[in-house]
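A closer look at the structure
One-letter residues, chain by chain:
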Amino acid sequence: MTGDELIRVENLKKYFPVRTGVLASLMRREAQMIKAIDGVSFSIPRGEIFGIVGESGSGKTTTGRAILRLEEPTSGSVTFEGTDIVKLDKGEMKKLRREMQLIFQDPFESLNPKMTIYEAVVEPLEIHGIGKSDEERRGLVSAALEEVQLIPPEDFLFRYPHELSGGQRQRVAIARALILRPKFIVADEPVSMLDVSIRTEVLNLMLDLQEKLGLTYLFITHDLAIARYMSSSVGVMYLGRIIEFGEVSDVLDDPDHPYTQALMAAVPVPDAEKKRGDLPIRGETPQPINLPQGCRFNPRCPYAFDRCFKEDPMLFMVEPGHGAACFLYEEFHSGRLERGRLPKD
Ligand code: SF4
């Protein structure tokens, strides 16, 4: 782990057994598995925002939950400030949970409809035994609400989630996540359930808090424009793997992997004159229970060649800090593929 890394994820996997009937399971020797995440690796420097982008079903949410051990990883490591948290027991993990919090897509998931806003935000303090008196805890809750711009806090403390707007509810969820002063936040599509008109406000609030409190975010989104707005670097997920990563400008402005190129080509551009090139992407995403042999993108890839159907590509560093899991770059750099045959040529 290098000096300024807060978190390093290495070869993280999460497989779910498939439920089948008794007869089917007797006839099959090995249990079938859904490979929701299948060897994810990345690191995030302290104080940075790493975005994970990908379509629904790519494994983004499971990655965030496995990192926080809300889903137990099948294998791999998650090193947080030098400690592999996958190896911690329940008690040790509870202590560390103060440092690592999740902001959900739907604030209703994290807010109990029967609890007032005060009860929801004070709960983490009570769980972790923070604050010597009710008065001190009330002060901390009021300060947390002010921090997320729910002002004056007295107007919100004794209301219920259904009495607030979607944006206000997400601000409460952020206050609840931040009241323990964590170092690391997994934000899983935090604005996708909100009205388009208030998304930017909530994103800006998250950026302000990140800077003010020196937070490190793993920011999960399916929206490439939001990933660009929020992140300094990104990883693109496809069928449980990161297939391209690097600085936002390298990955989203100049993508190397055929899948990232197809994703970018599908983003509407306001100026019809500047229409992006049409990149054919064939068929549907295969099921994670039935991954294709070789490169998992091969059934849809317009550039697939023999090797892609036999071997599984690992991330190849196309340039410093920018990797793509595609054999074309390896073939090109070793002189087996001539210039002009790369997808972006
Ligand atoms: Fe396409 Fe082959 Fe590259 Fe996979 S490894 S993305 S199939 S060219």
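Residues numbered from 1 in each chain as written. Predicted model: local features only at pLDDT ≥ 70, side-chain atom pairs only at ≥ 80, totals over all residues. Heavy atoms only, no water.

Details of the overall build of the protein
Summing up its helical and strand segments, the protein has 12 helices and 12 strands in all. Against the compact-globule benchmark of 20 Å for 345 residues, the protein has a radius of gyration of 22 Å, which places it among compact chains. By its C-alpha atoms, the protein is 70 × 60 × 40 Å across when sized along the principal axes. Counting all 345 residues of the protein, 48% fall into the buried class. Taking the contacts inside the protein whose residues are at least 6 apart along the sequence as the reference set, 63% of them involve residues at least 24 apart. Of the roughly 17,300 Å² that the protein leaves accessible, carbon and sulfur atoms contribute 50%. (Helix = DSSP H or I, 4+ residues; strand = E, 2+ residues; numbered from the N terminus. Rg over C-alpha atoms; globule rule 2.2 N^0.38 Å. Buried < 20%, exposed > 50% of the residue type's maximum accessible area, 1.4 Å probe, protein only. Contact = heavy atoms within 4.5 Å. Areas by Shrake-Rupley, 256 points an atom, 1.4 Å probe, with all protein chains shown as cover.)

A word on the site of the ligand
The immediate surroundings of the ligand are formed by 13 residues, with Cys 295, Cys 301, Cys 308, Cys 326 and Phe 327 found nearest. When atom positions are compared with the pocket grids, the ligand is found to occupy the largest cavity. For the shell around the ligand, the class distribution of residues is 11 nonpolar, two polar and no charged. (Near = heavy atom within 4 Å. 1 Å grid on protein atoms, 1.4 Å probe; cavity = no way out; pocket = protein on both sides within 12 Å on 5 of 7 lines; lining within 4 Å. Sits in = over half its atoms within 2 Å of the grid points. Nonpolar A, V, L, I, M, F, W, Y, C, P; charged D, E, K, R; others polar.)

Some points on the packing of helix α7 (residues 166-178) against helix α8 (residues 196-213)
Orientation of α7 relative to α8, taken along the N-to-C sense of each, is 15 degrees, at an axis distance of 10 Å. Overall, the two elements α7 and α8 adopt an arrangement that is roughly parallel. Two packed elements cross with a definite hand, and for α7 against α8 that hand is right-handed. Contact residues: Gly 167, Gln 170, Arg 171, Ile 174 and Leu 178 in α7; Ile 198, Glu 201, Val 202, Leu 205, Met 206, Leu 209 and Leu 213 in α8. Here the contact of α7 with α8 is built from residues that sort into eight nonpolar, two polar and two charged. (Axes fitted to C-alpha atoms, helices over the stretch in contact; angles between N-to-C directions. Parallel < 35°, antiparallel > 145°, perpendicular 65-115°, else oblique. Left-handed = near helix turned anticlockwise from the far one by under 90°.)

Section: empty space enclosed by the protein
Counted according to the given criterion, the structure contains one cavity of 30 Å³ or more. Approximately 90 Å³ is the volume found for the largest cavity. Cys 295, Cys 301, Cys 308, Cys 326 and Phe 327 are, among the 13 residues lining the largest cavity, the residues nearest its centre. Taken together, the residues of the lining of the largest cavity sort by class into 11 nonpolar, two polar and no charged. (Points joined across faces, edges and corners; volume = space filled by probe spheres on them.)

Side note on the side chain of Gln 170
Looking at the element boundaries, Gln 170 is found in helix α7. On the accessibility criterion, Gln 170 (0% relative accessible area) is buried. Setting aside residues up to four positions removed in sequence, Gln 170 forms contacts with Ile 103, Phe 104, Gln 105, Pro 107, Pro 190, Leu 194 and Val 202.

A word on the sheet that holds strand β6 (residues 100-103)
With mixed pairing, eight strands are arranged side by side in an open sheet as β6-β7-β8-β3-β9-β10-β12-β11. Each end of this open sheet is capped by a strand with a single partner; those strands are β6 and β11 (316-319). In this sheet, neighbouring strand axes are inclined to one another by 20 degrees on average, regardless of whether the strands run parallel or antiparallel. When strand β9 (residues 233-238) meets strand β10 (residues 241-247), the two strands line up antiparallel, connected through six bridges. (Pairing = 2+ DSSP bridges.)

As for the environment of Ile 179
Secondary-structure assignment places Ile 179 in the loop between α7 and β7 (184-188). Relative accessible area serves as the criterion here: at 11%, Ile 179 is assigned to the buried category. The residues touching Ile 179, leaving out its near neighbours within four places in the chain, are Val 121, Pro 124, Leu 125, Leu 140, Val 141 and Ala 144.

Quick word on the sheet that holds strand β5 (residues 83-84)
Spatially, four strands are ordered β2-β1-β4-β5 in an open sheet, and the strand pairing comes out antiparallel. Here the strands that pair on one side only, and so sit at the sheet edges, are β2 (33-45) and β5. Pairing geometry for strand β1 (residues 5-17) and β2, over 10 bridges, is antiparallel. The residue bridging Leu 12 from the neighbouring strand is Val 40, located in β2.

Details of the environment of Val 9
By the secondary structure assignment, Val 9 is in strand β1. The class for Val 9 is buried, based on a relative accessible area of 0%. C-alpha of Val 9 to C-alpha of Phe 42: the two residues are 33 residues apart in sequence and 5.3 Å apart in space. The residues contacting Val 9, other than those within four sequence positions of it, are Val 40, Ser 41, Phe 42, Ile 67 and Ser 77.

Read these as spatial facts, not as claims about activity.
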